[in-house]
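Here is what each chain is made of, one letter per residue.
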Amino acid sequence: MASNLLRLTLPPPSSLHIRPRKFLDVTYSKRCFPRQRHSRIRRHYSTTPGLLVSNSVQISTQSFESAESSIESVKPVASDTPILLDVSGMMCGGCVARVKSVLMSDDRVASAVVNMLTETAAVRLKPEVEVIPDAAESLAKRLTESGFEAKRRVSGMGVAENVKKWKEMVSKKEELLVKSRNRVAFAWTLVALCCGSHTSHILHSLGIHIAHGGFWDLLHNSYVKGGLAVGALLGPGRELLFDGIKAFGKRSPNMNSLVGLGSMAAFSISMISLVNPELEWDASFFEEPDGPLRIEATSTGSNSTISKIVRMVEDAQGNAAPVQRLADAIAGPFVYTIMSLSAVTFAFWYYVGSHIYPDVLLNDIAGPDGDPLALSLKLAVDVLVVSCPCALGLATPTAILIGTSLGAKRGYLIRGGDVLERLASIDCVALDKTGTLTEGRPVVSGVVSLIYEEQEVLRLAAAVEKTATHPIAKAIVNEAETLNLETPETRGQLTEPGFGTLAEIDGRLVAVGALEWVSNRFHKKNDSSDVVKLESYLDHKLSNTSSTSRYSKTVVYVGREGEGIIGAIAISDCLRKDAEFTVARLQEKGIKTVLLSGDREGAVATVAKNVGIESESTNYSLSPEKKFEFISNLQSSGHRVAMVGDGINDAPSLAQADVGIALKIEAQENAASNAASVILVRNKLSHVVDALSLAQATMSKVYQNLAWAIAYNVISIPIAAGVLLPQYDFAMTPSLSGGLMALSSIFVVSNSLLLQLHKSETSGHS
């Protein structure tokens with residue numbers, strides 16, 4: 001029995017006089033004690049003078065009569081049990097927040113927990129607040145007025161009441177289901193009619209030119225679409241619209257409010273557009289709101305990037321590694337060899353072995369009668385069954401397949417098993433500067449001229465470089481566009497990779513590029529002092545900027561026919577964040593790193609110093625032909641070279657290197673990615689380290705698989721042939737041989753699959 005149900009103040013025992021053998025009767029109603037119906041408390045007092053009082057009753061009066069009157073005046077206070085409300089109409093997180101807000105706005109409420117799924121709200125009143133019998137009703141009323149129908153959940157009901165309640169709920173659900181089924185059927189009919197108007201477009205895109213005239217033209221009619229839209233809004237969408245409007249009116253907008261608002265807005269705009277064609281809004285979208293979708297295809301079909309990636313991966317998995325050819329060379333005559341060994345095994349044990357070692361006929365393999373024919377046949381079959389050319393055949397391709405697939409997932413496409421094998425043996429990596437060690441997003445940091453305004457020099461340079469694809473050319477063009485400079489028309493544009501660009505402007509040639517190359521384009525030569533002055537002005541200008549040591553500074557010169565060098569433009573490009581780490585990690589692996597660049601000495605030396613490449617391994621002012629020659633010389637000296645680049649200047653070197661690695665700066669393919677055998681599609685230099693690591697791990701698996709396959713056959717075939725039978729009385733059965741053969745293939749495949757556990761070495765730096 002719960003305590004503290006009725007609390008009365010008890011006076012000193014001496015002041016309370018009750019005759020023996022009497023009962024104390026207290027009657028209370030449901031109003032005072034909501035958890036129980038009518039109850040009667042009886043306490044019997046024995047003849048022994050005294051008073052036995054339950055802890056649920058206290059008496060504050062001096063007499064029995066006054067105690068009765070005080071019972072009626074006692075007010076129950078708040079208990080720890082929360083008030084539970086059934087709340088309907090909640091449809092989204094906004095509804096939940098609104099219900100909680102309404103409840104918490106009541107001064108009597110200490111906390112409220114609202115659950116949209118169970119459609120309930122649990123409310124706790126503040127401890128100092130007295131329980132008012134209609135507190136739950138008043139809170140439920142406030143929620144109902146806010147658009148969320150609520151009522152107090154009756155707890156403590158018996159089984160019969162619960163069953164009745166659940167039956168009522170099931171009945172309501174069934175009624176709602178029937179109503180919803182009819183609405184869904186009507187809605188899908190409207191959907192079918194609306195989608196039917198798009199059917200002809202879909203069929204036409206598939207090359208099926210039907211669905212014309214009559215019915216189809218009717219579906220395309222805007223007035224018909226408007227009629228269908230009215231049916232949708234006033235039919236299946238009626239309750240949604242009205243509920244949303246009602247929620248708006250009660251300042252409790254919900255999901256229906258948002259959906260309804262969007263639908264009505266789309267319908268209204270469409271109607272205005274339909275009845276006022278002179279507006280030319282072209283906004284008839286009765287059947288859809290979230291307008292026409294315009295898509296620009298930069299490439300289609302087999303020319304798309306994803307198609308090219310898939311094709312590269314497929315090609316890669318079709319190119320066998322040299323070690324695979326070795327395995328194939330072994331596996332080729334393997335079958336004939338095993339057949340010959342099987343025949344030799346049979347002949348030996350039938351004609352010779354069973355006579356030299358007669359005890360072998362006692363083995364179970366010879367049968368109960370010790371038949372030499374049974375022995376010889378079973379051993380010959382063992383040799384055929386236990387041998388496993390599959391393990392040899394699977395050793396390399398499974399590892400190559402896993403390796404190339406894993407590389408593609410991580411962002412480096414490796415074009416074949418032969419590339420993987422060469423990549424695993426690389427001992428020298430040559431790196432380009434612009435776009436490789438730097439980010440490849442250069443910007444103009446300064447322009448100087450001895451006789452012209454800076455903007456004039458930049459305007460001429462931008463006109464010449466307008467159609468060039470080199471990052472430096474793009475930087476010049478972008479700067480001119482930023483300053484809103486009008487570039488003159490050009491004729492006869494000519495680009496010499498690694499040196500510069502030449503074009504005719506207003507009847508005179510203008511060249512932009514390396515100092516020596518630009519100077520040699522014209523008959524008139526500048527005094528060396530003029531060039532020194534230009535460089536001095538440029539250095540002074542750059543010294544006033546906030547450029548840091550992490551920037552690579554390149555200078556291009558502008559010359560014009562009849563004048564020679566007329567100005568210089570400084571280009572700054574930030575080093576990649578992972579450049580220093582990549583070089584350091586390669587050197588830790590014992591791989592030699594060299595820097596090859598067509599830029600001037602100062603810019604190249606600065607970058608080399610920042611990333612940790614020694615000065616003797618730094619090469620500058622190299623043309624594409626010189627880079628190609630340098631790679632050839634490294635190979636001639638015994639190095640296995642990988643070249644890392646990004647542009648057309650690097651294409652010859654990428655093709656010449658044992659492994660060409662291209663960073664894909666742009667979405668489209670370029671000369672570098674076409675010439676390379678490894679493409680870093682995520683444009684992360686640190687993936688060079690990851691690609692090398694993956695190649696080494698893959699080849700390690702290949703060698704493990706081959707070693708297992710060869711060792712398995714070398715050991716298992718003699719045992720199957722009975723080599724242990726004379727001395728150890730051990731021979732395989734055909735079933736055991738078959739099981740071992742299957743296990744050998746499973747081992748090879750499983751070992752290759754372990755390659756998927758290979759971790760990236762540069763995850764924290766990429």
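Residues numbered from 1 in each chain as written. Predicted model: local features only at pLDDT ≥ 70, side-chain atom pairs only at ≥ 80, totals over all residues. Heavy atoms only, no water.

If you check an unreviewed UniProt entry, the protein appears there as HMA domain-containing protein from Thlaspi arvense. Database annotation for the protein, UniProt heading Sequence similarities (unreviewed entry): "Belongs to the cation transport ATPase (P-type) (TC 3.A.3) family. Type IB subfamily." (UniProt positions renumbered as here; feature names shortened; annotations may be inferred.)

Q: Please give an account of the overall build of the protein that cites residues and values.
A: Scanning the protein from terminus to terminus reveals 27 helices and 19 strands. Out of the 766 residues in the protein, the part that is buried amounts to 40%. Total accessible area on the protein stands at roughly 41,900 Å², and carbon and sulfur atoms take up 58% of it. (Helix = DSSP H or I, 4+ residues; strand = E, 2+ residues; numbered from the N terminus. Buried < 20%, exposed > 50% of the residue type's maximum accessible area, 1.4 Å probe, protein only. Areas by Shrake-Rupley, 256 points an atom, 1.4 Å probe, with all protein chains shown as cover.)

Q: Mind laying out the nonpolar core, listing which residues take part and the relevant values?
A: As a rule of thumb, nonpolar side chains are buried together in soluble globular proteins. Residues Leu423, Leu437 and Ile661 are the most contacted members of the largest nonpolar core, which totals 57 residues. If near-sequence neighbours (up to four positions away) are discounted, leucine 437 is found in contact with Leu431, Asp432, Leu575, Arg576, Ala579, Val583, Leu595, Val607, Val611, Ile613 and Leu685. Membership of the second largest hydrophobic core comes to 23 residues, among which are Ala462, Val464, Val510 and Val512. (Core = buried A, V, L, I, M, F, W, Y, C linked by side-chain atoms within 4.5 Å. Contact = heavy atoms within 4.5 Å.)

Q: Let's hear about the packing of aromatic side chains: which residues, and what values?
A: One pass over the structure, following the stated rule, counts five aromatic pairs. Both rings, one in tyrosine 350 and one in tyrosine 351, keep their centres 4.9 Å apart while their planes meet at 85 degrees; by these two values the pair is edge-to-face. Tyrosine 350 gets classed as partly exposed once you look at its relative accessible area, which sits at 30%. Of the residues examined, tyrosine 351 reaches a relative accessible area of 57% and is grouped as exposed. An aromatic cluster is defined as three or more aromatic residues linked by ring pairs; in this entry it consists of Phe346, Tyr350 and Tyr351. (Phe/Tyr/Trp six-rings, centres within 6.5 Å; stacked < 30°, edge-to-face > 60°.)

Q: So what about the sheet that holds strand S19 (residues 678-680)? Which residues, and what values?
A: In space, the seven strands of this open sheet follow the order S7-S19-S18-S17-S8-S15-S16, with mixed pairing throughout. A strand with exactly one partner marks an edge of an open sheet, and here the two such strands are strand S7 (412-414) and strand S16 (618-619). Sheet analysis places strand S15 (residues 592-596) next to S16, joined by two bridges and oriented parallel. Pairing of leucine 595 across the sheet is with threonine 618, part of S16. (Pairing = 2+ DSSP bridges.)

Q: Now, about the packing of helix H25 (residues 687-720) against helix H27 (residues 734-753): what can you tell me, with residues and values included?
A: Between H25 and H27, whose axes approach to 9 Å, the crossing angle comes to 170 degrees. Viewed along their axes, H25 and H27 adopt a mutual orientation that is roughly antiparallel. Contact with H25, carried on its side by Lys701, Gln704, Asn705, Trp708 and Tyr712, involves Ser737, Leu740, Met741, Ser744, Phe747, Val748, Asn751 and Ser752 of H27 and no other residues of that element. Classifying every residue of the contact of H25 with H27 by side-chain character gives six nonpolar, six polar and one charged. (Axes fitted to C-alpha atoms, helices over the stretch in contact; angles between N-to-C directions. Parallel < 35°, antiparallel > 145°, perpendicular 65-115°, else oblique. Nonpolar A, V, L, I, M, F, W, Y, C, P; charged D, E, K, R; others polar.)

Q: Before we move on, could you go through the pattern of salt bridges and cite the residues and values that matter?
A: In this structure the tally under the stated criterion is 13 salt bridges. For the salt bridge of aspartate 599 with lysine 433, the shortest nitrogen-to-oxygen distance reads 3.1 Å. Taken together, the residues span a long stretch of sequence, with aspartate 599 in the loop between S15 and helix H21 (601-611) and lysine 433 in helix H15 (residues 433-437) at a distance of 166 residues. Classification of aspartate 599 by relative accessible area gives buried; the value is 10%. On the basis of relative accessibility, which here comes to 1%, the residue lysine 433 falls in the buried class. Between glutamate 761 and arginine 585 there is a salt bridge; the shortest N-O distance is 3.0 Å. (Salt bridge = Lys/Arg side-chain N within 4 Å of Asp/Glu carboxyl O.)

Q: So, a nonpolar patch on the surface: which residues are in play, and what are the values?
A: Judged by side-chain polarity, Phe348, Tyr350, Tyr351, Val352, Ile356, Tyr357, Leu373 and Leu377 come together as a nonpolar surface patch covering roughly 730 Å² of accessible area. Secondary structure elements with two or more residues in the nonpolar patch: helix H11 (334-356) and helix H12 (372-386). Among the elements that line the nonpolar patch, the one with the most residues is H11, at five residues. When you line up the elements, tyrosine 351 lands in helix H11. (Patch = residues over 30% accessible without salt bridge, like charges linked within 9 Å, V, L, I, M, F, W, Y side chains within 5 Å.)

Q: Requested: an account of the sheet that holds strand S5 (residues 120-125), with residues and values cited.
A: Read from one edge to the other, the open sheet built from four strands follows the order S4-S5-S3-S6, with strand pairing classed as antiparallel. Edge positions in the sheet fall to strand S4 (109-115) and strand S6 (150-152), since each has one partner strand and no second. Ignoring strand direction, the axes of neighbouring strands in this sheet form an average angle of 25 degrees. As defined by bridge partners, S4 adjoins S5 across six bridges and the pair is classed as antiparallel. Residue pairing in the sheet places valine 114 in a bridge with alanine 121 of S5.

Q: Let's hear about the environment of glycine 598: which residues, and what values?
A: Along the polypeptide, glycine 598 turns up in the loop between S15 and H21. A residue is classified by how much of its surface remains accessible, and glycine 598, at 33% relative accessible area, is partly exposed. Between the C-alpha atoms of glycine 598 and tyrosine 620, which are 22 residues apart in sequence, the distance is 5.5 Å.

Q: Can you explain the environment of leucine 538? Please cite residues and give values.
A: Relative to the elements of secondary structure, leucine 538 occurs in helix H19 (residues 528-543). Looking at leucine 538, the relative accessible area reads 2%, which means it is buried. Taking C-alpha positions, leucine 538 is 6.2 Å from valine 448, a pair spaced 90 residues apart along the chain. In this view, leucine 538 contacts Gly446, Val447, Val448, Val555, Ala568 and Ala570; residues no more than four positions away in its chain are not counted.

Q: A description of the UniProt feature "transmembrane region" (unreviewed entry) in the protein should follow, citing residues and the corresponding values.
A: The UniProt feature table records "transmembrane region" (unreviewed entry) at residues 334-352, 706-725 and 737-757. For the annotated span residues 334-352, helix accounts for 100% and strand for 0% of the residues, and the straight-line distance between the end C-alpha atoms is 26 Å. The span residues 737-757 is 81% helix and 0% strand, and its two end C-alpha atoms sit 31 Å from each other.

Q: Break down the pairing of strand S9 (residues 443-449) for me, with residues and values.
A: Counting buried positions over the seven residues of S9 gives five, a clear majority of the element. Relative to strand S14 (residues 564-574), S9 runs antiparallel, the two sharing six bridges. By the bridge assignment, serine 449 is partnered in S14 with glycine 567.

Q: Outline unusual backbone geometry, supporting the account with residue identities and numerical values.
A: A negative phi holds for most residues other than glycine; trans holds for most peptide bonds. Positive phi values are uncommon outside glycine, yet asparagine 484 reaches one of about 60 degrees. Inspection of the secondary structure puts asparagine 484 in the loop between helix H17 (471-482) and strand S10 (491-496). Judged by relative accessible area, asparagine 484 falls into the exposed class, the value being 67%. Positioned with a positive phi, aspartate 729 is a non-glycine residue whose angle comes to about 55 degrees. The residue aspartate 729 is located in the loop between helix H26 (725-728) and H27 in this model. Look at aspartate 729 and you get partly exposed, because its relative accessible area is 46%.

Q: Give a description of the packing of helix H13 (residues 389-410) against H27 that names residues and reports values.
A: Where H13 meets H27, the closest approach of the two axes is 9 Å, and the angle between their N-to-C directions is 15 degrees. Looking at the two axes, H13 sits roughly parallel to H27. The two elements H13 and H27 cross, and the hand of that crossing is right-handed. Across from Cys390, Ala391, Leu394, Ala395, Thr398, Ala399 and Ile402 in H13, the residues of H27 making contact are Ser744, Ser745, Val748, Val749, Ser752 and Leu753. Considering only residue class, the contact of H13 with H27 consists of nine nonpolar, four polar and no charged. (Left-handed = near helix turned anticlockwise from the far one by under 90°.)

Q: Describe the pairing of strand S3 (residues 83-87), listing the residues and the values that go with them.
A: Counted residue by residue, S3 has four buried out of five residues, so it is predominantly covered. Sheet topology note: the S3/S5 ladder contains four bridges and is antiparallel. Among the inter-strand pairings, aspartate 86 is bridged to a residue of S5, identified as threonine 120. Pairing analysis gives three bridges linking S3 to S6, with the strands arranged antiparallel. Its bridge partner lying in S6, valine 87 is registered against alanine 150.

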